[in-house]
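Fold and geometry: a report
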Amino acid sequence: MLTMMSTQTIFTGHDAGQILREARRRRRLTQIELAQHANVSRGVVQKLEEGRGTVNLDTVIKIASILGIDVRLVERG
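**Some details on the side chain of glutamine 31**
- One can find glutamine 31 in helix α2 (residues 31-38).
- Leaving out residues up to four positions away in the same chain, glutamine 31 has contacts with Arg24, Arg42, Val45, Gln46 and Glu49.

Take a look at the structure:
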């Protein structure tokens, strides 16, 4: 099965949260299940998806990886 990969640019924590929420839902995971996989509380996943509060960058990368998302930083030129 061939799948299209997309690249999305984020400008805010809210943007990142929406992308991660959509990926979680596509994988049919609840916030609690994702939190268990990432070894964090449900509240951390909830804050991340809502783009509020402060979430450790390592946690964001870990959750993204669990959801099959690569985080890349690209210098604009």
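**Let's talk about unusual backbone geometry**
- Unusually for a residue other than glycine, arginine 28 sits at a positive phi of about 55°.
- Looking at the element boundaries, arginine 28 is found in the loop between α1 (13-26) and α2.
- Not every positive phi belongs to a glycine, and asparagine 39 is a case in point at roughly 60°.
- Mapping asparagine 39 onto the fold places it in the loop between α2 and α3 (42-50).

**Observations concerning the layout of surface pockets**
- Empty space within the largest pocket amounts to approximately 1200 Å³.
- Taken together, the elements giving at least two residues each to the lining of the largest pocket come down to α1 and α4 (57-66).
- Here the residues of the lining of the largest pocket are counted per class, giving 16 nonpolar, five polar and six charged.

**Considering α4**
- Those residues of α4 lying buried are Thr59, Val60, Ile63 and Ala64. Viewed along the axis of α4, the buried residues span an arc of 135°, placing them on a single side of the element. Exposed residues pointing more than 90 degrees away from the buried face of α4 are listed as Leu57, Asp58 and Ser65.
- Looking at the packing, one finds that the buried side of α4 touches α1, α2 and α3.
- The backbone nitrogen of aspartate 58 has a side-chain oxygen 2.7 Å away, supplied by the residue at the start of α4, namely asparagine 56.
- Count one or two residues on from α4 and you reach glycine 68, which has phi positive near 80°.

About the thresholds
- Residues numbered from 1 in each chain as written.
- Predicted model: local features only at pLDDT ≥ 70, side-chain atom pairs only at ≥ 80, totals over all residues.
- Heavy atoms only, no water.
- Helix = DSSP H or I, 4+ residues; strand = E, 2+ residues; numbered from the N terminus.
- Contact = heavy atoms within 4.5 Å.
- 1 Å grid on protein atoms, 1.4 Å probe; cavity = no way out; pocket = protein on both sides within 12 Å on 5 of 7 lines; lining within 4 Å.
- Points joined across faces, edges and corners; volume = space filled by probe spheres on them.
- Nonpolar A, V, L, I, M, F, W, Y, C, P; charged D, E, K, R; others polar.
- Buried < 20%, exposed > 50% of the residue type's maximum accessible area, 1.4 Å probe, protein only.
- Arc of directions from axis to C-beta.
- Polar contact = N/O pair within 3.5 Å; in protein donor to acceptor, adjacent residues only side chain to side chain.

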